[in-house]
Amino acid sequence: MIKISELTPKSAPLADTDLLEIAEETMSGFESKSITGHEILATARTGMQTELVSGTNIKTINGGSLLGSGDLSVNTGVSLIAKKTMVTHTGSGIVLIASEDISSHIVANSMIQVTEMYRKTVATQNYTPRLYVNTSATLTGATLIATLGSIASLNLINDNIANFAIDASGNLYAPSPTLASNTRYLNTLAGSVITIPSPCFLIWAGQLTNGTDTAVMLNSNVIKYA
Amino acid sequence: MSLNMLNLITINGGFIMRESEYYFEGEAEIFDETQAHVPTDNGVIFCDTSMSVNEKTFENINDFLNELYEQ
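Note that the structure is a prediction, hence the values are computed from the model and not measured.

Glancing now at the overall build of chain B. Of the regular secondary structure elements, chain B holds one helix and seven strands. Ordered by position in the sequence, the α and β elements of chain B form the string β-β-β-β-β-β-β-α. Seen along its three principal axes, the alpha-carbon backbone of chain B occupies a region of about 25 × 25 × 20 Å. Put simply, chain B has 71 residues, and 30% of those count as buried. Taking all contacts inside chain B whose residues are at least 6 apart in sequence as the whole, residues at least 24 apart take part in 37%.

Take a look at the structure:
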């Protein structure tokens, strides 16, 4: 009888086609048993993670591989924190048209940028978008942080960018919030320094001078620069 | 006065809203019969007649502002 430990080692990895045969003595002689290399490998791999191949069974990030050791640095400096699209606005007075709780995105020494595009679809008089913050999703008691440029003519499309600075003490700096302007960096009125409400809801509002007019907020993105 | 109504309490030169003090920094800008902006040292506050002043309610923003600025 030959022990397994006395077998001559195979000088290559186990292949699917390798065959291991043994003979077991029985009353009538012997019974031959065999197992293939494929069966041995399949049993050994049961429950094991399939080998990761970048782009095949594990995604990539912007074409870069996730495989390997070490830390993957992710840019946390700029992020989209809110997005509103195609919000139709009718009615008279100043009306809340959208809101978003941005409390978790308020960080010290950062900037919040709101971009907003809007279009007059039924028009006779001015449409003036505004931005507020409040402790809840309501205009009542809200603090004005920006008045965006007015539009009056049918199908006129306007776009605006409003930037706000946040300091380490929880204050928000808003340039000339009552000045309806597309050129907010050329402000001539005093800015506001306000205590950021907690929680902090950002509120998109609009004012139609004529209640029968209609305006559409085409798109608004809120970006945090931290 | 509704329990959910936001009440402003007048103080000398301003008001208290949600336990914070606000001091006037100019005249209110009236938009219609129910809405106005009130400039304060802590920003421009949107006020409307769904709010109360000293637990008094108003149907017209002028009456609301008269009560608010009356000190």
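Still more ground to cover, so stick around.
Right, let's talk about the sheet that holds strand E8 (residues 157–166) of chain A for a bit. Residues and elements named next belong to chain A. The six strands are arranged E3-E12-E5-E8-E9-E10 in an open sheet whose pairing can be described as antiparallel. Because the sheet does not close on itself, it has two edges, and the strands there are strand E3 (78–90) and strand E10 (192–195). Each neighbouring strand pair of the sheet contributes to a mean axis angle of 20 degrees, computed without reference to strand direction. As paired strands, strand E9 (residues 171–174) and E10 are joined by four bridges and run antiparallel to one another. The partner of Tyr-173 across the bridge, within E10, is Val-193.

On to the domain arrangement of chain A, then. The domain boundaries assigned to chain A delineate domain 1 (16–47) and domain 2 (81–225). Inter-centroid distance (C-alpha atoms) of domain 1 of chain A to domain 2 of chain A is 75 Å.

Attention now moves to the pairing of strand E6 (residues 43–48) of chain B. Of all six residues making up E6(B), six are buried, and the element is well covered by its neighbours. Bridge analysis of strand E7 (residues 143–147) of chain A against E6(B) gives two bridges, and the strand direction is antiparallel. Bridge pairing links Thr143(A) to Ile45(B) in E6(B). Here strand E5 (residues 35–40) of chain B pairs with E6(B) via six bridges, running antiparallel.

Below, the discussion takes up the confidence of the model for chain B. Averaged over all residues, the pLDDT of chain B equals 93, while 94% of them reach at least 70. Among the scores for the predicted complex, ipTM is 0.94 and pTM is 0.75.

Judged by nonpolar contacts, the single largest core of 47 residues is most densely connected at Leu131(A), Tyr132(A), Leu139(A), Ile145(A), Ile203(A) and Ala205(A). For this core, the element with the most residues is strand E11 (residues 201–208) of chain A, which contributes five residues.

Quick notes on the rules
- Residues numbered from 1 in each chain as written.
- Chains lettered and ligands numbered in written order.
- Predicted model: local features only at pLDDT ≥ 70, side-chain atom pairs only at ≥ 80, totals over all residues.
- Helix = DSSP H or I, 4+ residues; strand = E, 2+ residues; numbered from the N terminus.
- Buried ≥ 20, exposed ≤ 12 C-beta atoms within 10 Å, placed from the backbone.
- Contact = placed C-beta atoms within 7 Å.
- Pairing = 2+ DSSP bridges.
- Axes fitted to C-alpha atoms, helices over the stretch in contact; angles between N-to-C directions.
- Domains from an automatic or database assignment.
- pLDDT = per-residue confidence, 0-100.
- Core = buried A, V, L, I, M, F, W, Y, C linked by C-beta atoms within 7 Å.

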